[in-house]
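# Understanding the architecture of this molecule
Spelled out, the chains give:
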Amino acid sequence: MPSVGRSIPHESSRDHVRGRSIFLDDITPHRNELVVDFVGSPVARGEIVALDLSAATKIPGVVGLYTFRDVPGSNLYGAIFHDEYFLAEDKVSFQGEPIVVIAAESHAALHAAKKAIHLDVRPETPIVSIAQAIEAEEFIGPPRAISRGHARDALEKCPHRLDGTLYIGGQEHFYMETQCALAIPGENGHLTFHSSTQNPTETQVMAARVLGLGMHQVVCVCKRMGGGFGGKETQATPPALMAGLVAMKTGRPARCIYSRETDGRVTGKRHPFEVRYQIGFDSDGRLLAARLEFYSNAGFSADLSTSVFDRALYHADNAYFIPDIELIGRICRTNLPSNTAFRGFGGGQGILAIESIIEDIAEFLDKDAAEIRLLNCYGAEGRNQTPYGQIIQDDTLPLLFERLADRADYKQRRQAINEFNATSQIHLRGLSLTTVKFGISFTTKFLNQANALVNVYTDGTVQVSTGGTEMGQGLNTKIRQLVADEFAIDAANVSVMPTSTEKNNNTPPTAASAGTDLNGSAAVNACRLIRERLTEFAAVRLSEDVPIPIERIVWEDGCVFDREKPEQCLDFGHLVHAAHRERISLGERGHYITPGLGPSRPFFYYTTGCALAEVEIDRFTGEMRVTRADILMDIGQSINPAIDLGQIGGGFVQGMGWATCEELKFSDEGELLTASPSTYKIPGVRDIPEDFRIEFEQDSRFPENVRSSKAVGEPPLLLGLCVWTAIKNALSYAGPRGHVAPLNLPATGEEILRCLCELEDKCP
Amino acid sequence: MKRFAGLMRDHIFFFLNGQKIQVRGREALGMLAPFLRRERGLTGTKIACAHGACGSCSILLGRPTQSGFNYQPINSCIFPVFACDGAHVITVEGLNGPDKVGGQDDGVLSPVQCAMVDCHGAQCGFCTPGIVITLTAFHENRVQSSAEDVKAALEGNLCRCTGYSPIIEAGMSVETADLRPLTQIYPPEPLLDGLNAGASDAVEIRVPEDELEIGQHLFVPRSPEEAICWKVAHPEAIVVSGGTEVGVAMSVKGLAPREILSLAHLEDWDEVTRENDELVLGARATWTQVAEQVGAIVPEFATLLTRWGSPQLRNAGTVAGNIIRAAPISDSLPFLLACEAELEFIGELGARRVTVADFLESGPTMRPDELLRRVLVPLPKEGQTLRLFKVSKRRAFDRSIVSAAFLLTASDGVIEDIKIAFGGVAPLALRLPQTEAFLQGKPVNSAIWREAATVAYNEISPYSDAAASREHRTRLVANLLRKFGAEL
């Protein structure tokens, strides 16, 4: 029986439930292993005027204290631009920026050393907000733009126009396992890293650069992560560099595990955005022209901010055709930790802007927002090209939209809500049906490649290694299924091995939802090369004299046989054993590149979906609950439906967390006030939709991608934003008709109550 | 200094996955989760937050009862090792019995573990051991379970991957027929026998100062007399009851008190009873114990308790801790203030009663020799309406932004008397006497609450913090008054 298409449990689940899965801090310590931590800047911006390590050096058990002067290679590094100091030199540019790395025999010595380090930083006034950065003209890179037509002119001619500003907050990843790394020194100057990273190659490249080694001297291994969500795409690097520096200097294994608070304080998050918009439309709600100005808060360095920003622009249309459109903006440099990748990668900020605008248009025209969305979906020729030139093909979105509206009784529920809100003194309800069209591919073209190593053993079992990393999303399970099917064997006979740069080189991060697309395809390519050889071998082996024509060889249920003589079958184990005896190679590397990408086609395809949320808010307290949510997605043919359902449900809840209860608050001094789990609130079991229904189209296929599947990681997170639009919809019932609720993200109870009070004041 | 009558131990002992262990010295003063991981190699217990704020480190704490053990999940990252004295601790590795803890992998899964695999309840796996622990405790002694019950049990376990639905499904689809009760996996008799010797001894652990860390001194008395005597002799000692607050400071802020007085073994101070017209809460009663008993006595308070911390925190945290710490956002104080509850302290001179209002008024303060013994809450009378509110950023497992208590006596549409108390709107929880006076004698109508809000505004001094702004807290005071009125 084929594995693909079946809901096989996550390959680590049996170990997960017994606490037997080994995460980085669970690796048994080496005999002489050191613990590593750092002292960072107490202020967000300033100048280091004094640093005295003498007292700390004398503490028993302190093995080493290192500053930028001890960095053997380049102290400057960065994912795209080299604009970050590994250890601060004379200036500091965010609170917590690492200055001194400490290596110690014990945690007690580490704590004592931290207290004994004398550090004096002269504070300067930091730039914290987007507004401050704009004022100071602190930008990263040039202005960015995508446009079509003449938005400014067109806006003048539109029958109706709305202008506004939307503030979108950031989001902490809150992966359960904090950033961490273990470095083990080897022979010939080699260093082996175990890192909780979505990007082992990045760790390898940066370690080589900063520690002054060749990439051939560095190996980075990642068995698994306790969650990543984008946060470990680039920012797994600093703890690895710290552990690596210590390992190199002392010749001893060294481990660096960030505490939750350190992780909260120093690692980057989802980018906050400010969006200023002007939208023109007609009386039906048809979008005619738009001008959107985006500003993102990048933090102190570029990190991936340029790519994140681009994706925001690429998704500012979401699923809607806007003839004349101008998307522009700037990336703001501030004195915050460097904001980074987070599931959705800017797409969410772009989508939120247009979805918010549509809610406002509905309020303005006194129409149902769902009608306006459907009216504006990409459609037939003339209305099927994105602002960046990509043609939308085989678009199932309008169909999904109508199906979901129908299945979830949108119209009846709208009616019921109208009645409820007219009578209830205590509560307000809201309903919103939104769409997501998410572009799949790295927008940086060269990243759209992967390689895989497949080793078949003589007992008929298989090991596969790819550059893809497992962070809980089920990548390894899917790869196991794909490989099993290529050899028509049971998935139990396939092991997916820890990711290591030793086996797979120059790999892209496991990101952009493309983990299975890229690594799964590469693994399949490797399998097919082996299978081709084995098919030829079987054709000889199964014949009596002349080889059987290749096309007659069938692979099925662990056996290989001649279609015309199925009774004479070769068991896969016997076949490979015999092939090995005949000196046929049972190992292969597969390489895969995403086809068809170009300047006006940044995305291989789109994953699409719709979601409908109903919320109830308390008029007095602003407290909110999601009473029901329905999701319908097109994810092609699912490789593992249970895993994909898990991605959809989990992504949606993460998205609604961003939209509602997760709030990052910084002081004017640039200190994160919500660095602790006591103050930063991710959704709990009580926050999920009380009635939660997830479906995907069963008969959908996308043959160009591996096993006709589509990527699923990020899009459902953006569907979670329908909770936010539903809140906005509920608020629209509070004020006088035509008054737009000035709701920003996150819609915390406080934000909801603020809007309610503002709308109440407008009531006569 | 008085001498203690009882015997003294310089170590603690407890059972860990069925094996008796002794802990002495500084290890006993640390937190359980790092002890399990570093000293015992039991790395299945994960530390994700070290704040007691996520549940990944949940373990089962079995406290001895008359007949065996009562197993409850607690957060081991903020639970001191010494507080395990005399208990049975089961970690995720031990759920299938003492012989399955380490060694060869026989692949055996408990029904809860099976359900988690079959329902795809684990993704990254980091929170999973804690969830398995919670669901195991939930299914102990239970035949059927609704989604609502499972959610209530899981409030203290955060998961960032799954969105919880598969975990709830797992919780509901456990093959209960296959469940082996923990008392069968770990028969209580040998454990109780093993805990017997020295069970009534007090514990005193002294850790001398060394080159890296300060000296520490722990005392775990067996009797109130011992406790008071030691407290007088060590006025600087930090008193630990449930430890959910001090534990966070010790786990996260590196707090290492020189002197610790643990009340862990004043076990019989945990009564939750109704005596005449009063609800009596023993200082050492955990909030879980309170919640179990109080439903029939003051249902409104029982409802509020479901919004309180997490099951793990309620299993460890006690009445005393919540009151004595007197946090502005303490969830109990508005209720106690509105009901005009009294605190009973005991000290060298015997018992003393003071109203909660007076206790807060003065500081909050108590005498150096005193310990809180119990709380006496006059129960709402026939014809009185008690309403309690808690507003938080996240619905469950979050601290209050503002909490409120209203106790109204009205007849014929006129307010005879009202008591109003708020938390989170001033440095300490407080009553609003001017607002109460304003409302007295007024007719019950919607306008009156709006007017009362204006009066209330002058009685509060809300603050801004990470949870909410001053403006929001101010709005909430006005709106909770209105909400109380609207929902009457």
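What counts and what doesn't
Per chain, the residues get numbers from 1 upward, laid out in the order the sequence is written. Each chain is given a letter, starting from A, and each ligand a number, starting from 1, according to the order in which they appear as written. For a predicted model such as this one, the threshold for reporting local features is a pLDDT of at least 70, and the threshold for listing and counting side-chain atom pairs is 80 or more; totals across whole chains, interfaces and linings nevertheless cover every residue. In short, DSSP must find at least two bridges between two strands for them to pair. Starting at the N terminus, helices and strands are each numbered in turn, a helix being any DSSP run of H or I of at least four residues and a strand any DSSP run of E of at least two. Axes here refer to lines fitted to C-alpha atoms; in helices the fit is confined to the stretch in contact. Angles between the N-to-C directions go from 0 to 180 degrees. Placing C-beta atoms from the backbone, we regard two residues as in contact once those atoms come within 7 Å. Source of the domain bounds: an automatic or database domain assignment. In the scheme used here, Gly and all other residues not listed as nonpolar or charged are polar, with Ala, Val, Leu, Ile, Met, Phe, Trp, Tyr, Cys and Pro taken as nonpolar and Asp, Glu, Lys and Arg as charged. The burial criterion counts other C-beta atoms lying within 10 Å of a residue's C-beta, which is placed from the backbone; the residue is buried at 20 or more, exposed at 12 or fewer, and partly exposed between these limits. Working definition: roughly parallel below 35 degrees, roughly antiparallel above 145 degrees, roughly perpendicular at 65 to 115 degrees, and oblique for all remaining angles. With the far helix as reference, a near helix turned anticlockwise by less than a right angle produces a left-handed crossing, and one turned clockwise produces a right-handed crossing.

### Focus: the sheet that holds strand 28 (residues 624-634) of chain A
All names here are of chain A. Judged by pairing direction, the sheet is mixed, and its four strands sit side by side in the order 18-27-28-29 without closing on themselves. In this open sheet, the two edge strands, each paired with only one partner strand, are strand 18 (427-440) and strand 29 (691-696). Neighbour-to-neighbour, the strand axes of the sheet open up by a mean angle of 15°, direction not taken into account. As defined by bridge partners, strand 27 (residues 605-618) adjoins strand 28 across ten bridges and the pair is classed as antiparallel. Directly across from Leu612, in strand 28, lies its bridge partner Asp630.

### Comments concerning the sheet that holds strand 2 (residues 11-16) of chain B
All names here are of chain B. Across the sheet, five strands lie side by side as 3-2-6-4-5; this open sheet has mixed pairing. The sheet is open, and its two edges are formed by strand 3 (19-24) and strand 5 (69-75), each paired on a single side. On average, each strand axis in the sheet is inclined to that of its neighbour by 35°, with strand direction left out of account. Sheet topology note: the strand 2/strand 6 (residues 88-90) ladder contains two bridges and is parallel. Across the sheet, the residue bridging to Phe15 is His88, located in strand 6. Sheet contacts for helix 3 (residues 128-139): strand 4 (58-64) and strand 5; angle to strand 4, the most-contacted strand, approximately 35°.

### A few points about the domain arrangement of chain B
All names here are of chain B. Structurally, chain B comprises domain 1 (8-94 + 190-262), domain 2 (111-179), domain 3 (272-306 + 317-378) and domain 4 (384-486). Domain 3 and domain 4 are separated by 21 Å when their C-alpha centres are compared. Mapped onto the side of domain 3 that touches domain 4, the elements with two or more residues apiece are helix 11 (299-305), helix 14 (333-338) and helix 15 (356-361). Of the residues belonging to the side of domain 3 that touches domain 4, the class tally is 13 nonpolar, one polar and two charged.

### Looking at helix 2 (residues 111-118) of chain B
For helix 2 of chain B, every residue scored as buried is listed here: Val112, Gln113, Ala115, Met116 and Val117 of chain B. Where helix 2 of chain B is buried, its residues contact helix 1 (13-16) of chain A together with helix 3 and helix 5 (165-172) of chain B.

### What about the domain arrangement of chain A?
Residues and elements named next belong to chain A. Assigned domains within chain A: domain 1 (13-25 + 32-125 + 173-266), domain 2 (273-443 + 599-762) and domain 3 (449-507 + 515-593). Relative to domain 2, the C-alpha centre of domain 1 lies at a distance of 36 Å. The interface of domain 1 with domain 2 comprises 26 residues on the first partner and 25 residues on the second. At five residues, helix 8 (residues 260-266) tops the list of elements feeding residues into the side of domain 1 that touches domain 2. Taken together, the residues that form the side of domain 1 that touches domain 2 break down as nine nonpolar, ten polar and seven charged.

### Thoughts on the pairing of strand 24 (residues 559-562) of chain A
Residues and elements named next belong to chain A. Bridge analysis of strand 23 (residues 553-556) against strand 24 gives four bridges, and the strand direction is antiparallel. From the neighbouring strand, Ile553 faces strand 24, where its bridge partner is Asp562. Here strand 23 folds back onto strand 24, and the loop between the two strands holds two residues, one of which, Asp557, carries a positive phi near 45°. Relative to strand 25 (residues 565-571), strand 24 runs antiparallel, the two sharing three bridges. Opposite Asp562, over in strand 25, you have Lys565 as the bridge partner.

### Side note on the environment of Ala341 of chain B
Residues and elements named next belong to chain B. Relative to the elements of secondary structure, Ala341 occurs in the loop between helix 14 and strand 13 (342-347). On the basis of neighbour counts, which here come to 22 C-beta atoms within 10 Å, the residue Ala341 falls in the buried class. Here the alpha-carbon distance between Ala341 and Val356, two residues 15 residues apart in the chain, equals 5.9 Å.

### Things to note about the packing of helix 10 (residues 347-365) of chain A against helix 19 (residues 721-732) of chain A
Working note: a packed helix pair is described by the angle between its axes plus the distance between those axes. All names here are of chain A. Where helix 10 contacts helix 19, the axes come no closer than 10 Å and their chain directions differ by 25°. Classified by the interaxial angle, the pair formed by helix 10 and helix 19 is roughly parallel. Seen from above, helix 10 lies across helix 19 with right-handed handedness. In contact with Gly348, Ile351, Leu352, Glu355, Ser356, Glu359 and Glu363 of helix 10, helix 19 contributes Leu721, Thr725, Lys728, Asn729 and Ser732. Class assignment of the residues belonging to the contact of helix 10 with helix 19 gives a composition of three nonpolar, five polar and four charged.

### Details of the interface of chain A and chain B
The interface is formed by 65 residues belonging to chain A together with 65 residues belonging to chain B. Counting residues per element, the ones that place at least two in the side of chain A that touches chain B are helix 1, helix 3 (107-116), helix 8, helix 17 (641-659) and helix 20 (749-762) of chain A. The element contributing the most residues to the side of chain A that touches chain B is helix 17 of chain A, with seven residues. For the side of chain A that touches chain B, a count of residues per class yields 27 nonpolar, 25 polar and 13 charged.

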